[in-house]
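# A structural walkthrough
The residues making up each chain are set out below.
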Amino acid sequence: MEADLPPPASALMEELVEEVLLRFPPADPSRLVAAALVCRRWRALLAGPGFRRRFRELHRSPPLLGLLCNSPTGARFLPSSAFRPPGLPSTADGLLRGWRALDARHGRVLLRWDPASSSSSGGSCPPLVVWDPITDQRKDLPPLLWAQYPYSWNAAVLCSAGAAGCDHLDCCGGHFLVVVVGTNSKEMFAHVYSSESGAWSEATSARHPNDSVDFAPSALVGNALYFAFQMDGAVLEYDLGTREMAVIRLPPHCFSWQRIALTATNDGHLGFATADRSAIYLWKREASSQGGDAHWAQTRAIEHAKLLPAGALLAFPDVVGFVDSIALIYVRTADGLFTVDLKSSQVTKVSNDTGFSGIFPYMSFHTPALGVLSAGERPSAGA
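Rules and cut-offs
- Residues numbered from 1 in each chain as written.
- Predicted model: local features only at pLDDT ≥ 70, side-chain atom pairs only at ≥ 80, totals over all residues.
- Heavy atoms only, no water.
- Helix = DSSP H or I, 4+ residues; strand = E, 2+ residues; numbered from the N terminus.
- Buried < 20%, exposed > 50% of the residue type's maximum accessible area, 1.4 Å probe, protein only.
- Contact = heavy atoms within 4.5 Å.
- Pairing = 2+ DSSP bridges.
- Axes fitted to C-alpha atoms, helices over the stretch in contact; angles between N-to-C directions.
- UniProt positions renumbered as here; feature names shortened; annotations may be inferred.
- Polar contact = N/O pair within 3.5 Å; in protein donor to acceptor, adjacent residues only side chain to side chain.
- Arc of directions from axis to C-beta.

### Re the overall build of the protein chain
A tally of regular secondary structure across the protein chain gives 4 helices and 25 strands. The proportion of buried residues among the 383 residues of the protein chain is 48%. For the protein chain, the proportion of contacts with a sequence separation of at least 24, taken over those separated by at least 6, is 52%.

### Some details on the sheet that holds strand β22 (residues 328-333)
If you walk across this open sheet you meet the 4 strands as β21-β22-β23-β24, and the pairing is antiparallel. The strands lining the two open edges of the sheet, one partner per strand, are β21 (318-323) and β24 (347-351). Pairs of neighbouring strands in the sheet enclose a mean axial angle of 25 degrees, with direction left out of account. With 6 bridges connecting them, β22 and strand β23 (residues 336-341) associate as antiparallel partners. Counterpart to Tyr330 in the pairing with β23 is Thr339.

### Here's the deal with the UniProt feature "domain: F-box" (unreviewed entry) in the protein chain
Residues annotated in UniProt with the feature "domain: F-box" (unreviewed entry) correspond here to residues 14-52. Here residues 14-52 runs as 72% helix and 0% strand, with 16 Å between its end C-alpha atoms.

### Some remarks on unusual backbone geometry
Notably, His106 is not glycine yet its phi reads approximately 55 degrees, a positive angle. Along the chain, His106 falls in the loop between β4 (99-105) and β5 (108-113). Look at Ala327: it is not a glycine, yet its phi comes out positive at around 55 degrees. Along the chain, Ala327 turns up in the loop between β21 and β22.

### Here's the deal with the environment of Tyr226
With respect to the element layout, Tyr226 can be found in strand β14 (residues 224-228). When the C-alpha positions of Tyr226 and Val247 are compared, they lie 9.5 Å apart, and in sequence the two are 21 residues distant. If sequence neighbours within four positions are ignored, Tyr226 has contacts with Ser218, Ala219, Val221, Val235, Leu236, Glu237, Ile248, Leu262 and Leu270. Reaching out from Tyr226, the side chain makes a polar contact with the side chain of Glu237 at a distance of 2.7 Å.

### Things to note about helix α3 (residues 40-47)
Of all the positions in α3, only Arg43, Leu46 and Ala47 are classed as buried. All buried residues of α3 lie within an arc of 95 degrees about the axis, which places them on one face of the element.

Shown next, in the form of structure tokens:
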């Protein structure tokens, strides 16, 4: 019986190269670009769907590639890695002039056209656009016709597969949903756009909350979306399965003038962060052990006077963003925008600007090997 022969050295070397490339840090996609330029074999490896899938499965949590920050003139992309969206003009300092970010999730960004922030007056623009910053593909959504003009509204974008149907590692090219919630003079309402049907749903409604929805980042927890209200210390809950809405009250001593940043906790609960002059507070909504209603529990207090520079505390600090998967909080201060790493307590200054009205972290895997290949240069497996 003939003994099994060992694989050739070239095959072993390719396996070794792949194992090394798989361990490149996903937050620095420029390293994969450099590797793709080494030779045609490496480009073929990096461009293959098998490598991209293994890369995502190994690292699991998509890296933070940058922030969409709303400024008076439009949404600005602030990179936190070597990634730059190809659709942004190189001279515009990452500015999407005339556009406002509403949400960023599952590799997609939801934008709304705001002509008041643009000097351009020509042409017509869709009210809402879903944008993939990596491929620069944009999907114009059909106009949403209000049954009654809203007093307030907000929106979120997400993968259409639902909480149990997708791991969201490589779904940004698939179908998506856009959920719009708001209030008018009579009620709170919700509409859902499905990219699969290409249409908006009929409105669902619920009792008026006597408050207005805030233009702040939403949170996806399980199969429900959560949006903050502006004044009354409450959160709007929208169940994606039943399409029902409910109002969840915040702890009574979280005053209405304190901005909150909603989040999904690591154990699958709704949470939020807020701040006062002395500390950042983390809260979590927990199920009652007695089988009653869920309740809020404070899980942590971080004294920011020990972390932030002295000049940052000249004005009241605001928590404006929360990246739950990497435990990172964004705090707007008198000295600019800072991040606070909840694991290491490390503070990093992100920007000197204090005029941002919304912070939307953009997280996605980016394996850019195909981007360095010309149309006629794609290598074959045996090249």
